[in-house]
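One letter stands for each residue in the lines below.
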Amino acid sequence: MIWQEQMETCLEKELKRLLEILEDLGHNAAEFEKNSITVKSILNLQDPEVKSQQLVDQLNFIRIPGYCAYQLTQEAVILLHLMSVKISSLRPIYKESGDSVKLAKLNQYEAAVNQVDPEIRRSIETLALFSTLDSRKIMDSIIASYKKT
């Protein structure tokens, strides 16, 4: 019984942290949109020296926030996995005991996980180029991604 209470407490904490991460990512989303537009316009420049310097400047501006955002999405994925495991473990126990209040709470957690999972997965894909602090690798990824579009 004690471990169930501990898992319930952990679920609450994990959901709270997940919501904090989503809030942080939401604040950064606008900056990353602007960055994407800026990089596209830089890549359209004709002067190679100007293009190169502006890309380096833009990369230096966004590299650290991008890395931090990517790491936050990694943390969010881990939280989603932890929450899913706990929900799956607790559900049969609550069904067997007929605890409708706790089942309803689990349903809320599960709904939250299902709602944010696709958003987090999209964020990971979008931010994957910032999975490193290596400027050269980031630059190569940015250029490769814009060549595809």
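The structure presented is a predicted model; accordingly, all values stated were derived computationally and were not measured.

**As for the overall build of the chain**
Counting secondary structure elements, the chain contains four helices and zero strands. A separation threshold of at least 6 residues defines the contact pool for the chain, and within that pool the share at least 24 residues apart is 78%. Of the roughly 9400 Å² that the chain leaves accessible, carbon and sulfur atoms contribute 55%. Counting 18 positive and 21 negative side-chain charges, the chain places the centres of these two groups 3 Å from one another.

**Regarding helix H1 (residues 2-43)**
In a regular helix each residue adds 1.5 Å, so 42 residues correspond to 62 Å; H1 covers 58 Å between its end C-alpha atoms and thus fits that length. The largest bend along H1 measures about 30° and falls at asparagine 28.

**Here we look at the environment of leucine 55**
As for its placement among the helices and strands, leucine 55 is situated in helix H2 (residues 48-97). In the structure, leucine 55 is positioned 18 residues away from threonine 73 in sequence and 25 Å away in space, judged by C-alpha atoms. Not counting residues up to four positions away in its chain, the partners in contact with leucine 55 are Val39, Ile42, Leu43 and Met139.

**Notes on the nonpolar core**
Within the largest apolar cluster, 37 residues are counted, with the highest numbers of intra-cluster contacts made by Leu11, Leu18, Met83, Leu106, Tyr109, Ile120 and Phe130. Those elements giving two or more residues to this core turn out to be H1, H2, helix H3 (100-127) and helix H4 (135-148). Once you skip the residues sitting within four places of it in the chain, isoleucine 120 turns out to touch Leu22, Leu25, Thr73, Ala76, Val77 and Leu80.

**Observations regarding the confidence of the model for the chain**
Counting all residues, the mean pLDDT for the chain is 87, and 97% of those residues have values of 70 or more. By mean pLDDT, H4 is the weakest element of the chain at 77, and H3 is the strongest at 93.

**Remarks on empty space enclosed by the protein**
All chains considered together, the criterion is met by one cavity of 30 Å³ or more. Put simply, the largest cavity is a space of about 40 Å³. Contributing to the lining of the largest cavity are Asn35, Val39, Leu55, Gln58, Leu59, Ile62, Met139 and Ile142. Listing elements by their share of the lining of the largest cavity, those giving two or more residues are H1, H2 and H4. Per element, the largest residue contribution to the lining of the largest cavity is four residues, and it comes from H2. Broken down by class, the residue content of the lining of the largest cavity amounts to six nonpolar, two polar and no charged.

**Quick look at the environment of tryptophan 3**
Within the secondary structure, tryptophan 3 sits in helix H1. For tryptophan 3, the contacting residues outside a window of four places in its chain are Leu90 and Ile93.

**Topic: the pattern of salt bridges**
Per the stated rule, a full pass over the model turns up seven salt bridges. Here arginine 17 and glutamate 75 are joined by a salt bridge, their closest N and O atoms 2.8 Å apart. Of this pair, arginine 17 sits in helix H1 while glutamate 75 sits in helix H2, and the two are 58 residues apart along the sequence. Looking at arginine 17, the relative accessible area reads 25%, which means it is partly exposed.

Definitions and limits used
Residues numbered from 1 in each chain as written. Predicted model: local features only at pLDDT ≥ 70, side-chain atom pairs only at ≥ 80, totals over all residues. Heavy atoms only, no water. Helix = DSSP H or I, 4+ residues; strand = E, 2+ residues; numbered from the N terminus. Contact = heavy atoms within 4.5 Å. Areas by Shrake-Rupley, 256 points an atom, 1.4 Å probe, with all protein chains shown as cover. Lys, Arg positive; Asp, Glu negative; His and termini not counted. Charge placed at Lys NZ, Arg CZ, Asp CG, Glu CD. Expected span 1.5 Å × (residues − 1). Bend = angle between axes of the 7 residues up to and from the residue. Core = buried A, V, L, I, M, F, W, Y, C linked by side-chain atoms within 4.5 Å. Buried < 20%, exposed > 50% of the residue type's maximum accessible area, 1.4 Å probe, protein only. pLDDT = per-residue confidence, 0-100. 1 Å grid on protein atoms, 1.4 Å probe; cavity = no way out; pocket = protein on both sides within 12 Å on 5 of 7 lines; lining within 4 Å. Points joined across faces, edges and corners; volume = space filled by probe spheres on them. Nonpolar A, V, L, I, M, F, W, Y, C, P; charged D, E, K, R; others polar. Salt bridge = Lys/Arg side-chain N within 4 Å of Asp/Glu carboxyl O.

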